[in-house]
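Observations on the three-dimensional arrangement
Below are the chains, spelled out letter by letter.
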Amino acid sequence: MPEDYKDTLNLPRTTFPMKANLTRREPEFLRFWEEKGIYRKLQEQNRGKPAFILHDGPPYANGHIHMGHALNKVLKDIIIKYKGMKGFYSPYVPGWDCHGLPIELQVDKKLGKKKHETPITEKRRLCREYAERFVNIQREEFKRLGVFGDWERPYLTMTYGYEATIAREFIRFIRNGSVYKGKKPVHWCPSCVTALAEAEVEYDEKVSPSVYVRFRVSEEEAEKLEGSIPELKGHTLYFIIWTTTPWTLPANLALAVHPDVQYAVIEKDGEFFIVASELQESLMEKIGLDGKRVSLIRGDALEGLKAKHPFIERQSPVITGEFVTTTEGTGIVHIAPGHGEDDYLAGLRYGLEIYAPVDDYGRFTTDDGGLRGEFVFKANETIIDILKERKALMGRAEITHSYPHCWRCKKPVIFRATEQWFISVDHNNLRQACLEEIERVRWIPDWGKERIRGMVERRPDWCVSRQRAWGVPITALNCTNCGDFVKDDLFFERVIRLFSERGSDAWFDATVEELLPEGYRCPSCGSETFKKDTDILDVWFDSGVSHAAVLETDERLKWPAEMYLEGSDQHRGWFQSSLLASVGTRKRAPYNIVLTHGFVVDGKGKKMSKSIGNVISPDDIIKKNGAEVLRIWVSAEDYRNDVRLSGEIIKRLVDAYRKIRNTCRFLLGNINDFDLRDYSTELTEIDRWAMSRLQSLVERVTEAYEEFDFHNAFQSIYSFCVVEMSSFYLDILKDRLYTFPSGSAERRAAQWCMHRILSVITRLMAPILSFMAEEVWQHMPGDREESIFLSAFPGVESRFRDDELEKRWSVLIEVRNVVNKAIELKREEKLVGNSLEARVEVYADSARISLLREYADFLPTLFIVSQAGVGEIQEAPETAYRPDDVSGLGVVIERAGGKKCPRCWNWSDSVGRFSDLPDVCERCYHVLTGTHG
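These figures come from a predicted structure and were not determined experimentally. (Residues numbered from 1 in each chain as written. Predicted model: local features only at pLDDT ≥ 70, side-chain atom pairs only at ≥ 80, totals over all residues. Heavy atoms only, no water.)

1. Remarks on the overall build of the protein
Selection rule: In this text, helices come from DSSP runs of H or I with a minimum length of four residues, and strands from runs of E with a minimum of two, each type numbered from the N-terminal end. Here the radius of gyration uses the C-alpha set of atoms, whereas the globule reference equals 2.2 Å times the residue count to the power 0.38. Whether a residue is buried, partly exposed or exposed follows from its accessible area with a 1.4 Å probe, protein chains only, as a fraction of its type maximum: under 20%, in between, or over 50%, in that order. Residue burial considers only the protein chains on display, and all accessible areas are found by Shrake-Rupley using a 1.4 Å probe. Within this scheme the basic residues Lys and Arg register as positive and the acidic residues Asp and Glu register as negative, but His and the chain ends are omitted. Lysine's charge is taken at NZ, arginine's at CZ, aspartate's at CG and glutamate's at CD.
The helix and strand tally for the protein stands at 30 helices and 31 strands. Over its C-alpha trace the protein gives a radius of gyration of 38 Å, far above what one expects of a compact globule, namely 30 Å for 933 residues. Each of the three principal axes of the protein carries a C-alpha extent, and together these read 130 × 75 × 45 Å. Burial analysis of the protein (933 residues in total) assigns 59% to the buried set. Surface accessibility of the protein: about 38,700 Å² in total, with carbon and sulfur atoms responsible for 47%. Separation between the mean location of the 129 positive side-chain charges and that of the 143 negative ones in the protein comes to 4 Å.

So, in structure tokens, the structure goes:
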């Protein structure tokens, strides 16, 4: 094209770069938001308006952030930004969980051999410094994601005020009678040497020995059955049990049968055996119990019989229990009250000793069987050998089963009775009250309700004591005489004041005399001597009371929160501990909505693991692609399921980002000279269609944000930008924008429309594509808010909604898509190159023909061809293109007639008609000569 004609076109101009260069530009926007105080201004702008408080579940202050952290924080940020732009007062106060075992283990590792001789206060100081270091590291990593929040004023579970709240909330449970100290089985990690809460236990596969053991019934005991089973006279009788934990047999104190189950008495080789009748057939295969059934007897008729322990001089009485099943094993359960929950409860009911001959390190403390000092899992084989020697082993196998492991060291744990502190979940009707609150709360997704309901229904009492150094101590003074603990109000008040002033470290420095009122005596026994408890509180109690320590005390927030949002593992963790802690003291859940997201997995759906080598860190993505791509990933995937991440997925998202960016750049480039006046009355029909579609987009995206369906919000924005705008409306608009006079009503109307569209989609995408939205906003012409986030989220403008217009245009778009396919085929045949070289003849059925003729003059613009005509479908020649998926349409593509105009590239018979400008078409002639109508 001659240079002078190019200069007559209104080509796009913008300083908005095509290349995002996110790794360089994003830090600039972070500085802009921080220096201008955009987050603070947003809160001030909305203060006094309706509030939406999303309470942050505290991540653990240990290590750098991983993809799970990124997923969680970006989801929260999307909600906070959306609510803020909608006019809600929605501050985000981030928090960190600072106490607990992982930090203590890291400090112990650094101390090495000195860890045992280091004073507890010094170790706690080192733990505090370690936590502070990673709070600062993670804070910067979270900010790099573009997450808005009050980062300089977070909440930390190790601040004095928070620790005082932990003590106060625990004291509330003591005052309402829910706290007790008792010896009962809990999950115990011999490696970390501490009790574990339910939320600290993970289940993984473990190979265990599966053994069938016979317990002999003495002659005297067997005689009790001879009246109903005469065949037993003079013969030996055995109960057969099955267990996958042979190491618990030294603690066996009873055998349990189900009271209503029928048990078979089986004779084999002159010996008699009792097993559940419905398991007899399977036991023939597994242990060769192929004898003759001589009798049936109900379980409750066996109660009170005694059997001899196979290798210890004691007897095990037969008891009954509803927990006994007949799905596997023998229908007879060996009972060790010190090593199982059902066993423990049965032991209480029958007055059995809560016996657990195993120390803190998982080593036997009993001499029975010569086991003293042997580690329990290693002792399995020793015990099996003893059973063989005593001829008590009837069969063995290996079984792979789901087994509890420690969340920290990943090693198998044991169930072991120890003296621990508990909060009763049934005292004061706490369990039922929690279940009622679960029904009231909205759970997203819906299955979250059933998940946590089942857990609360089944959960045991809350074991809140830990045998570690780094945490808030259990503020109990125990009587050295009777063991009762102090429940005096003055003592409680002193502890809370002490923690507020000096933190929980003060517990280890203060003397008993400082803590107790002068002359205090134990109400139970009158003793004057007491000792401080040395256990610390479960860290799930720390975070579980955040509703009290943060929501109730921070002037920025309010209680209860509208939403808690964490990963699906928190149904066992923070969601549940917060529910128990709040309902137990305030009769209400601390949240109205609980949103759960899945875990991050690799592209094949496998868990990310360093050993497998499939871990991708946020830092990897940010350094290569920028944080914006990570934010797209969070919104584009359905967080309700596990979220996949791979190099291929990132590549697709980078492409999606570029397409949205290119749409924004095109819009910016073509409104660079817009005079910002109102041209809404000058819109052409296609402009009105675009404005109507924009309202549909606002409606869809708003609904998606409201329902927390962020992947639908992103997909709607992406589709609108790429399909409805770039591939259709803006593609058609280019001719009007470039070739019409710059100040013409037609071009100004298009610019008005594009300016409106850009403003709306930029605000729609801002919660997700925060960096790009801000960059676009700063390039927008005209007056605007200082930041995109200080602007209002767009609403639907009903005056632009036109469903009838959209319905008509859906037919035109369908026809256009068919024409595009036909042109593409002719392009492959080299008949045409650019679509403007084509003349199109559309043949349509009666359903479409009248509409197409109504738009006959517009069809060349619609198809982006030089000429177009319409005919009836029955007139279509055999050579016409007829799509398989659309009936009633035929398209013929030919070369356009006339000559090519070098200014607009249209082919026209009018080229050469004007002597003063012989090489341009009539339309361009009038533009160039100023005679455009």
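2. Details of the sheet that holds strand β4 (residues 179–189)
As a reminder of what qualifies: When DSSP finds two or more bridges between two strands, those strands count as paired.
If you trace the four strands from one edge of the open sheet to the other, you get β5-β4-β16-β18, paired in antiparallel fashion. For this open sheet the edge positions go to β5 (194–196) and β18 (462–463), each flanked by a neighbour on one side alone. As paired strands, strand β16 (residues 414–423) and β18 are joined by two bridges and run antiparallel to one another. Looking across to β18, one finds that I423 is bridged to W462.

3. Some points on the packing of helix α23 (residues 685–706) against helix α27 (residues 803–828)
Keep this limit in mind: Orientation is described by lines fitted to C-alpha atoms, with helices fitted over the stretch in contact, and by angles between N-to-C directions that extend from 0 to 180 degrees. When an angle is under 35 degrees it counts as roughly parallel; over 145 it counts as roughly antiparallel; between 65 and 115 it counts as roughly perpendicular; any other value is oblique. By the convention used here, residues are in contact when the closest approach between their heavy atoms is within 4.5 Å. Under this grouping Gly is polar, as are all residues other than the nonpolar Ala, Val, Leu, Ile, Met, Phe, Trp, Tyr, Cys and Pro and the charged Asp, Glu, Lys and Arg.
Contact geometry of α23 with α27 gives a least axis separation of 10 Å together with a crossing angle of 110 degrees. One element, α23, and the other, α27, form an angle in the roughly perpendicular class. Here α23 contributes E685, I686, R688, W689, S692, R693 and S696 to the contact with α27, which in turn contributes L805, E806, R808, W809 and I813. A breakdown of the residues in the contact of α23 with α27 according to their chemical character gives five nonpolar, two polar and five charged.

4. Regarding the pairing of strand β7 (residues 236–243)
In terms of burial, β7 is largely enclosed, as seven of its eight residues are buried. Taken together, the seven bridges between strand β6 (residues 201–217) and β7 define a ladder with antiparallel strand orientation. Residue pairing in the sheet places V211 in a bridge with T243 of β7. For β7 and strand β10 (residues 271–276), the ladder comprises four bridges, and the chain directions are parallel. Note on β10: the bridge partner recorded for Y238 is F273.

5. Describing the sheet that holds strand β27 (residues 838–844)
With respect to topology, three strands assemble into an open sheet ordered β28-β27-β29, the strand pairing being mixed. Across the chains shown, the open sheet's two edge strands, defined by having one partner strand only, are β28 (867–872) and β29 (889–895). With strand direction ignored, the average angle separating the axes of adjacent strands in the sheet is 20 degrees. Sheet analysis places β27 next to β28, joined by six bridges and oriented parallel. Across the sheet, residue Y843 finds its bridge partner in β28, namely G871. With respect to the sheet, helix α28 (residues 846–854) is in contact with β27, β28 and β29, its orientation differing from that of β28 by roughly 145 degrees.

6. Some details on the packing of helix α24 (residues 710–739) against helix α25 (residues 745–765)
This is how it is decided: Handedness of each helix crossing follows the sense of rotation of the near helix against the far helix: counterclockwise by less than a right angle gives left-handed, clockwise gives right-handed.
At a minimum axis separation of 12 Å, α24 and α25 run at an interaxial angle of 165 degrees. The orientation of α24 relative to α25 falls into the category roughly antiparallel. As for the relative orientation of α24 and α25, their crossing is left-handed in sense. Facing I717, F720, C721, M725, Y729, L730, L733, R736 and L737 of α24, the residues of α25 in contact are E746, R747, A749, A750, Q751, C753, M754, I757, I761, L764 and M765.

7. Here's the deal with the packing of aromatic side chains
For any pair of aromatic rings, geometry is given as the distance between the ring centres together with the angle between the planes. The condition is simple: Pairing of aromatic rings covers Phe, Tyr and the six-membered ring of Trp, with a centre-to-centre limit of 6.5 Å; geometry is then stacked below 30 degrees between planes, edge-to-face above 60, and tilted otherwise. A positively charged side chain is recorded as over a ring if its NZ (Lys) or CZ (Arg) lies within 6 Å of the ring centre. The angle to the ring normal must also be within 35 degrees.
Summed over the entire model, instances satisfying the criterion amount to 42 aromatic pairs. Where W96 meets F142, the ring centres are 6.3 Å apart and the plane angle is 35 degrees; that geometry is what we call tilted. With W96 in strand β2 (residues 95–96) and F142 in helix α6 (residues 120–144), the pair connects residues that are 46 residues apart, well separated along the chain. Of the two residues examined, W96 and F142, each falls in the buried class. Judged by centre distance (6.2 Å) and plane angle (55 degrees), the ring pair of W96 and W151 falls under tilted. Of this pair, W96 sits in strand β2 while W151 is found in the loop between α6 and β3 (155–156), placing the two residues 55 residues apart along the sequence. W96 sits in the buried class, given a relative accessible area of 0%. Within the aromatic cluster, the residues linked to one another by ring pairs are Y82, Y639, Y705, F708, F710 and F793. Directly above the aromatic system of F148 lies the positively charged group of K81, at a separation of 4.4 Å from the ring centroid. Seen from the ring of W188, R416 lies directly overhead, with NZ or CZ sitting 4.7 Å from the centre.

8. Focus on the pattern of salt bridges
Short version of the rule: A carboxyl oxygen of Asp or Glu within 4 Å of a side-chain nitrogen of Lys or Arg is what we treat as a salt bridge.
Summed over all chains, the structure comprises 81 salt bridges. A single salt-bridge network, built from bridges that share partners, covers R24, R25, E28, R661 and E775.

9. Some details on the environment of E685
The condition is simple: Two N or O atoms count as a polar contact when they lie within 3.5 Å, although within protein this holds only if one can serve as hydrogen donor and the other as acceptor, and sequence-adjacent residues are included solely when both atoms are side-chain atoms.
Locating E685 in the fold gives a position in helix α23. With relative accessibility at 23%, the residue E685 sits in the partly exposed group. As a C-alpha pair, E685 and L805 span 120 residues in sequence and 8.4 Å in three-dimensional space. Setting aside chain neighbours within four positions, we find E685 in contact with L805, R808, W809 and Y855. Within the structure, the side chain of E685 is placed 2.8 Å from the side chain of W809, a separation counted as a polar contact.

10. Notes on the pairing of β10
Counting buried residues along β10, five of its six residues qualify, which places the element largely inside the surrounding structure. Relative to β10, strand β9 (residues 262–268) runs antiparallel, the two sharing six bridges. Following the sheet pairing, K268 is matched in β10 by E271.

11. Regarding α6
Note the cut-off: Helix span, expected: 1.5 Å multiplied by one less than the number of residues in the helix.
Spanning 25 residues, α6 covers 36 Å between terminal C-alpha atoms, matching the ideal 36 Å at 1.5 Å per step. Looking one or two residues beyond α6, the residue adopting positive phi is G146, at roughly 85 degrees.

12. Describing unusual backbone geometry
Of the consecutive residues I444 and P445, the connecting peptide bond is found in the cis state with omega at -5 degrees. A cis amide bond, omega 0 degrees, links W559 with the succeeding residue P560. Structurally, P560 can be placed in the loop between α18 (546–551) and β23 (561–567). Its identity is not glycine, yet D269 carries a phi of approximately 50 degrees, on the positive side. Positionally, D269 belongs in the loop between β9 and β10.

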